[in-house]
Structure formats: C-alpha cells, structure tokens
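Summary of structural features
Spelled out, the chains give:
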Amino acid sequence: MSAEQLETVLAETRSFPPSDDFVNAAHIGGMDAYKKKYQESIENPEKFWGDVAEELHWFKKWDTVLDDSNKPFYKWFDGGKTNICYNCVDRHLDGANANKAAIIWEGEHGEERVLTFRDLYREICKFSNALKSIGVKKGDRIAIYLPMVPELAIAVLSCARIGAVHSVIFAGFSSESIKDRVLDSECNIVITSDGGSRRGKILPLKKIVDEAVADCDCVKNVVVVKCSSGAEPYPCDFNEKRDLWYHDIVKDQPVHCPAEELDAEDMLFLLYTSGTTGKPKGIIHTTGGYMVYTYLTSKYVFDLKPEDVYWCTADVGWITGHSYIVYGPLQNAATVLMYEGAPNFPDEGRFWEIVEKYAVSIFYTAPTAIRAFMKWGDEFPEKRDLSSLRLLGSVGEPINPEAWMWYRDKIGGNRCPIVDTWWQTETGGILITPLPGVTPTKPGSATLPFFGIDAAVIDEDGKEQQAGLLSVRKPWPGILRGIYGDPERFKETYWCKWKGEYYFPGDGARKDDDGYFWIVGRVDDVVNVSGHRIGTAELESIYVEHPAVAESAVIGIPHEIKGQGLASFVILRKGFEGSDELLKELNNLVAQKIGKFALPEKIVFSSDLPKTRSGKIMRRLLRDIATGKDLGNVTTLADPSIVESLKSKYQDN
Ligand code: WTA
C-alpha cells in the first residue's frame, strides 16, 4: 500500500456493527464475551487451548499443552496422540452428520459431485490403503499437483490419515518449481492428474509433472487421477514402469483403514512459500497444534453452523485452501463447496450462479477477486439471488475501502458482516480478524486479534508504536515449526529481530485509537501479486541466468486489480540491446522457472541502475520512479543522471 493509500485508509471513519440477530445467534456474541474470553486466552493460554483441544478426538491425551523450553522450537500438546483426518471425518460418522454433504464439487463445465462424510471416509480409506500398497510409510513426503477436484482433498486427507507428509504444489507452478520442491524434501510419490480445466482450456498437468520428475531420482511412482470425463479426453503419456492410475490402485481396496495414531508434533505437511532469497522455503506444520488452531478459528471466524454451505474460493494449493477448505471446516462438520474452474467462465457471473444454485451462506475470497468483480460490473451479481449469504470473508492482501464497500453492498446486500482475515502460510490459521457476531468492522481494517494472539505494532527496538512492524508476542498452536532442512533460516527469518521474544511476520501495520490493526503490506522483498507471494529475489536470480543480463532489480508496484504487480529493471551486458525478443525470452524464462502468475507488468532495460556509492541498488528510488513520485535529492547516487533516463524509459514502456 502506498503512503497516499494509507492516509485514505486511516481517514476511514465508517464503522459497521453486526446486527442484533447475528450477535444473538453467533458462537461468540457481543464485545463483552469476546473481551472476557480474549483475556482468559492471553492470561492462561495453556488452560484456554487445553480446553479447546478437549473438544476434539485424541487417542492419548497430551502431557503438556505448551512446551517452550527450547525457543523458538515450540511444542504443543506434546505427548498427545491424535489424527487430524480422524477429526475431519471419522468423528462425524456416528450421528446425523454421516449422510451430510461434506464436499459439494462443481466442475467448470457444470459437472457435479457430492460426497457425504461417509462417502469421503470411504474414498479416503481406499486411497490410504492404496498408498500403503505401493509402499508409502509414515513420514514419507508426497507431492500433490492437482486441479481443484475432490481427489485433491481426498489425497491430502489420506496422507494425513497414514502419517505421510503432504506437500501440495499449486497447479499454476511450472515443472522447474515442482522439481525444486520435490527434490528439496525428497518426495517419493507425486500425485497428479491427466489434466485440469481452466477457462475452457486444458491444463496439461501430467506433462508438466513428467518434465519435472525426469530429473528426480527420489520419485518412485506418479499416481494419476483421471479428471477428464470422456467428452474431451485429456491426452497424456503414461510410463508403465513408474505411473499408476488412481482408479486402478483404489479399485479393490478395503473401505476401512485405521487412522494412524500420530504424535502431536509429527509433521503434517510442508507448504513452500516465497521469502526474501531466491529459494522458496518449505514451511513445516505439525499435527496437534495446527489441528486445534484451524478447528477453533474456522468455528468462530466463520461462525460455522450445521446448516451452512461454506465456500472458500482459494485453491488448495495455497495455505488458505489447506486450512479453510479442508482441515478447519471439515473438523467442524461443515458442508464445503469446491469449484474447479475460473470465475469468468463461461461468463463473469459464474460465482454468483454457483452461490444461487447451492444457496451458499458463507463466502470467503480475496481482494483481487473482488476488484475484478467490480470491474466486470454490477449486472452479474444483480442477476442472481444472493439472499442465502449471511457472512463474507476476505484474505490474502490488504483490502481497499472501496472494494470493501462494494463487497458489502453488492454481494452482502448490506446485511452480511465481512471478516477481513490477516494471516500467513507460516501462522497456519487466522490471527487478526473481526468475529462476525462481535466486532464493529471498519472498511480496510483486519480489526482485532483472535483468541490467544498477543499482537502488537512495534519498532525495531521493540517499543509499541502507532505505526511500525507487526509482531506477535506469544506462540499459538498453529505456528510454523520450522523451515524444512534449514533451522537456521527459520530462526533468522522469524525470530532474530527482537531477540527471539516476538514472532516477526514481515508485515507493516498501524494501530488506531480503538486498538484496531490496519495491515499495510510487506516490509521485506516479498510482493503480494493477486495474493500470491513472490520474492523479488526469485525473479532477479532467474534473470541473471540469461546470457544478456548482468544484473536486475525487481520491485512491487501498485496494480488496480492485483493489488500489487511487479516491475523489473534489467541491466544488460555489453553488446546486448533491449528488444521485444529479449523481453519475450525473459518472460518465458520466468514462466518456465516459476509460472505465468509471476510475470511482471513491465520490464525496463537499462545500462545501469541507481546505486549508492558503495554499490547498493536503491530500490526505494526505483519504487518512486514507478509511482511517479518526486525523487528529491539524488546527489548521493554514484551517477545521478541515471534516474532521469530511467524515469523516461519507465514512462515510455
Ligand atoms: C498478506 C495468505 C492484509 C500479508 C493467508 C501476509 C494480508 C501475506 C491479509 C501472507 C489481510 C494476508 N490483510 N494483508 N487480510 N491476509 N495478507 O502466506 O502481507 O500466502 O504476510 O498467506 O499476505 O500470504 P500467504
């Protein structure tokens, strides 16, 4: 967010309290109830989280709720034995929920599938048995590269059931990205599909995986889900020695498979995310704490009730899908809607058609999507009956007040509370958020901390300030437990800033007089493009692989729909000239190494970049050039004239 945007946000005085009806029916109703519970959770977190954990199934109770003897390697519910898949599915089979819809799936071409909790249980058990039959054991790492089909949830839950560690890779990543992730954690199985459907086109997922695993000796088998339903078969190669059809290996499997009794601190999954270096980090989440945290946040933030139809539009390839499509809602026995395709296929009204068709009551999406809906026009939501909606959510990036107001009015009919939820891959679940039956909301603010979250805005010295760095003082059950294979980087990235006393998320924030948090955006070299985290260093290290490139600097720039986009400044080696051809080559390289979603808005070729006399690229200045700001005094630069030439090049581009 730019300084100007921030000022507008801070001038925001509108406030929207929840209706009396909502307050009266909510799990947590009214500010007094929130304050009392919040205080208890901060004063005695072990009692608070111990009581929450009691609501779930444990094979053996824990010895300690929180073990902080080896900071920052916290342990939650140590000594306890449980299984998150059991809590998502088996726990609901005894009563009325057994035949309740767990997953309602709609494909892009209107295909429909409904899995009750009992169906889901059987599918998971069969696939768990199939995985065991091909030699998968507890602790093995399994990569999952699937479109948004029910088998994605089934695969994730099956891994959890047998204690294998899943590493889901978003299906927009390239084969090189898959390869890096598979090799980093030595996955022995990759689960993919023959293809997927996106805006009427076929995503050749199997082909991308074939390229990725050609160089991965650790991969023994590729399991292939057949997603095409016949009308238009997805073509794919099949390697008889390595590849297995999903439907073949589940066919004769028994419909029961015991859920493994796992230690609370057994690794549940890895999810790779971008950081400030060229190499993505494998974020580690473990079983017990993540389970308890996603259970409780889902229940209270989305105020889940048995009759709800809950739709989170994220992809399971990102943390939002892990925590708030699969694990959190299913632990609460919620009916979860999953949609495979694009929001603008066959037209821009698809989401509202789906809301009407399934009477969706809770809708959770990203600001970038909301801004796209605004641009597409009010006529699309206006055409549909959206009266089933009772609660709206937002996640992934700061939401601008204009988009917030549009969302409230055009989608929520000025009746639904909006929960703007701030959190990260690393936090496992939502940390700062309104509670829908409690918090008067202000457009653009994530408002107040969730139970057990001791958040503060502080400066580099750890002093509380109105504006500064966001920090969290106490650990919570869902916190990441490490970076795969790199404990030092874990300590450095998140715990070094304030001598290990606070968790550092990498975001800037402000706090207003009501104690509300306003998240400003990243303060490190990570850019949030349409809510997807991209490390600028990742792109920079890709560019220099090209023989024409000597050096580069990538920055985040404001973008009307995406929130932020990328701009790349590229210094060419002697003898090379910037051209459309070169631009294409650099874009191809990024698409090939990361994926198309990481392409920059602009590439500016230059013979030099603004540097200090000690040779450091001044990114702040590049950002000012990109936003057309007055550049002020540039005399400390090694070569001040470079700025003017970059400015005109940027504008011409
Ligand atoms: C940003 C996504 C403002 C933030 C769940 C964070 C937000 C990064 C919000 C994490 C929000 C997420 N308001 N900013 N409600 N939610 N962010 O790991 O910069 O993909 O650090 O997790 O997204 O992105 P990640």
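Every chain is numbered on its own, with residues counted from 1 as its sequence reads. Only residues with pLDDT of at least 70 get local features here, since the model is predicted, and only at 80 or more are side-chain atom pairs given and counted; chain-wide, interface and lining totals rely on the full set of residues. Side-chain measures here rest on the full set of heavy atoms in the structure, leaving out hydrogens and waters.

Thoughts on the pairing of strand S7 (residues 141–144)
Residues Arg141 and Ala143 point to one face of S7 and Ile142 and Ile144 to the other, with burial holding for every one of them. Should DSSP find at least two bridges between two strands, the strands are regarded as paired. Helix numbers and strand numbers start at the N terminus; a helix is a DSSP run of H or I with at least 4 residues, a strand a run of E with at least 2. The sheet contact formed by S7 and strand S8 (residues 165–168) spans four bridges and is parallel. Across the sheet, the residue bridging to Ile144 is Val168, located in S8. By the criterion used throughout, a crossover qualifies as right-handed when its path from the first strand across the helix to the second strand runs clockwise, the strands pointing away from the viewer. Tracing the backbone out of S7, into helix H7 (residues 150–162) and back to the parallel element S8 gives a crossover that is right-handed. Pairing analysis gives three bridges linking S7 to strand S9 (residues 189–193), with the strands arranged parallel. Directly across from Ile144, in S9, lies its bridge partner Ile191. Each residue's exposure class comes from its accessible area (1.4 Å probe, protein chains only) as a fraction of the maximum for that residue type: buried when under 20%, exposed when over 50%, partly exposed otherwise.

Some thoughts on the site of the ligand
A single heavy atom is enough: if one lies within 4 Å of a molecule or strand, its residue is considered near that molecule or strand. Residues in contact with the ligand amount to 17 residues; listed here are only the nearest, Asp420, Thr421, Thr425, Arg522 and Arg533. Measuring from an oxygen atom of the ligand, one finds a side-chain N or O atom of Arg522 at 2.7 Å. In this structure, an oxygen atom belonging to the ligand sits 2.7 Å away from a side-chain N or O atom of Arg533. For every accessible area listed, the method is Shrake-Rupley and the probe measures 1.4 Å; residues are considered covered only by the protein chains on display. Out of a free accessible area of 530 Å², the ligand has 97% covered by protein chains. Residue assignment for the shell around the ligand shows that the elements contributing at least two residues are helix H12 (319–331), strand S21 (418–421) and strand S26 (517–522). Polar contact is the term for a pair of N or O atoms within 3.5 Å; when the atoms are in protein, one must be able to donate a hydrogen and the other to accept it, and sequence-neighboring residues count only if both atoms are side-chain atoms.

A short note on the packing of aromatic side chains
Two aromatic rings are characterised by how far apart their centres lie and by the angle between their planes. Pairing of aromatic rings covers Phe, Tyr and Trp, the last through its six-membered ring, and needs centres within 6.5 Å; plane angles under 30 degrees mean stacked, over 60 mean edge-to-face, and all others mean tilted. Under the criterion given, the structure shown has 51 aromatic pairs. Centre to centre, the rings of Trp311 and Tyr339 are 6.4 Å apart; their planes meet at 85°, and the pair counts as edge-to-face. With a gap of 28 residues between them, Trp311 in strand S17 (residues 309–312) and Tyr339 in strand S18 (residues 335–339) connect regions that are remote in the sequence. The exposure class of Tyr339 is buried, given its relative accessible area of 5%. Taken together, the ring pairs in this structure connect Tyr34, Tyr38, Phe48, Trp49, Tyr293, Tyr300, Phe450 and Phe451 into an aromatic cluster.

Some details on the sheet that holds strand S19 (residues 362–365)
Within a sheet, each strand pairs with its neighbour through backbone hydrogen bonds, oriented either parallel or antiparallel. If you trace the seven strands from one edge of the open sheet to the other, you get S6-S5-S18-S17-S19-S20-S21, paired in mixed fashion. Every other strand in the sheet has two partners, leaving strand S6 (112–116) and S21 as the edge strands with one partner each. The sheet shows a mean angle of 20° between the axes of neighbouring strands, direction not considered. Two strands pair when backbone bridges link them, and S17 and S18 are joined in this way by three bridges, in the parallel orientation. Considered in S18, the bridge of Trp311 is made with Leu337. Whether two residues are in contact is decided by their heavy atoms, any of which lying within 4.5 Å being enough. Only C-alpha atoms enter the line fits that serve as axes; for helices the fit covers just the stretch in contact. Angles between N-to-C directions range over 0 to 180 degrees. Along the sheet, helix H6 (residues 117–133) contacts strand S5 (101–106) and S6; its crossing angle with S6, the most-contacted strand, is approximately 90°. Those strands touched by H12 are S5, S17, S18, S19 and strand S20 (391–395), and its axis lies near 165° from that of S17.

A few points about the sheet that holds strand S24 (residues 482–483)
The mixed open sheet is built from eight strands, whose spatial order is S13-S12-S9-S7-S8-S15-S16-S24. Across the chains shown, the open sheet's two edge strands, defined by having one partner strand only, are strand S13 (243–245) and S24. Here strand S15 (residues 267–273) runs beside strand S16 (residues 281–286); their pairing, made up of six bridges, is antiparallel. Its bridge partner lying in S16, Leu270 is registered against Ile284.

Brief notes about helix H9 (residues 205–213)
Within H9, burial applies to Leu205, Lys206, Val209, Asp210, Ala212 and Val213. On an axial view of H9, the arc spanned by its buried residues comes to 165°, and they lie on one face. Buried residues along H9 sit in contact with helix H8 (175–184), S9, strand S10 (196–198), strand S11 (201–203), strand S12 (221–225) and S13. By arc we mean the arc of the directions from the helix axis to the C-beta atoms, nothing more.

A closer look at the domain arrangement of the chain
The assigned domain composition of the chain is domain 1 (117–263) and domain 2 (526–652). Domain segmentation is taken from an automatic or database assignment of domains. The distance between the C-alpha centroids of domain 1 and domain 2 comes to 37 Å. Taken together, the contact between domain 1 and domain 2 spans six residues of the former and seven residues of the latter. By definition, the buried area sums, over both parts, the 1.4 Å-probe accessible area that each loses when the two are put together. With both chains or domains summed, domain 1 and domain 2 bury close to 490 Å², and 49% of this area falls on carbon and sulfur atoms. What makes a salt bridge here is a side-chain nitrogen of Lys or Arg within 4 Å of a carboxyl oxygen of Asp or Glu, nothing more. Remark: the boundary between domain 1 and domain 2 carries one salt bridge. Taken together, the links from domain 1 to domain 2 amount to five residue pairs in polar contact (both at pLDDT 80 or more). Residues that form the side of domain 1 that touches domain 2 fall into these classes: two nonpolar, three polar and one charged. Here the nonpolar group is Ala, Val, Leu, Ile, Met, Phe, Trp, Tyr, Cys and Pro; Asp, Glu, Lys and Arg are the charged ones; every other residue, Gly included, is treated as polar.

Things to note about the nonpolar core
Of all hydrophobic cores here, the largest spans 127 residues; its most connected members are Trp49, Phe127, Phe302 and Tyr327. Counting residues per element, this core draws most heavily on H7, at nine residues. Once you skip the residues sitting within four places of it in the chain, Phe302 turns out to touch Thr297, Tyr310, Tyr324, Ile362, Tyr364, Arg390, Leu391, Val419 and Ile430. Only buried residues count toward a nonpolar core. Its members are Ala, Val, Leu, Ile, Met, Phe, Trp, Tyr and Cys residues joined through side-chain atoms within 4.5 Å.

Some details on the packing of H6 against H7
One can describe the packing of H6 onto H7 by two numbers: an axis separation of 8 Å at closest approach and a directional angle of 65°. Crossing handedness for the pair H6 and H7: right-handed. In contact with Leu120, Tyr121, Glu123, Ile124, Cys125, Phe127, Ser128, Leu131 and Lys132 of H6, H7 contributes Ile154, Ala155, Leu157, Ser158, Cys159, Arg161 and Ile162. Crossings are assigned a handedness: left-handed for a near helix turned anticlockwise from the far helix by less than a right angle, right-handed for a clockwise turn.

Section: the pairing of strand S25 (residues 507–511)
Relative to S25, strand S23 (residues 467–472) runs antiparallel, the two sharing three bridges. Residue pairing across strands places Ala467 opposite Arg510, the latter belonging to S25. Pairing between S25 and S26: five bridges, direction antiparallel. Looking at the pairing, Lys511 lines up with Phe517 of S26. Linking S25 to S26, which pair antiparallel, is a turn of five residues; within it Gly515 sits at a positive phi near 80°.

Considerations on the pattern of salt bridges
Under the counting rule described, the total for this entry stands at 45 salt bridges. Glu106 is the salt-bridge partner of Lys357, the closest N and O atoms lying 2.7 Å from each other. In this pair, Lys357 sits in helix H13 (residues 350–358) while Glu106 sits in strand S5, placing the two residues 251 residues apart along the sequence. With a relative accessible area of 1%, Glu106 lands in the buried category. Through salt bridges with shared partners, a single ionic network connects Glu106, Glu112, Arg350 and Lys357.

Details of the environment of Lys37
Note that Lys37 resides in helix H3 (residues 31–43). Between the alpha carbons of Lys37 and Tyr272 there is a distance of 34 Å; along the sequence they are 235 residues apart. With sequence-adjacent residues up to four places away left out, Lys37 is seen in contact with Ile28, Phe48, Tyr300 and Phe451.

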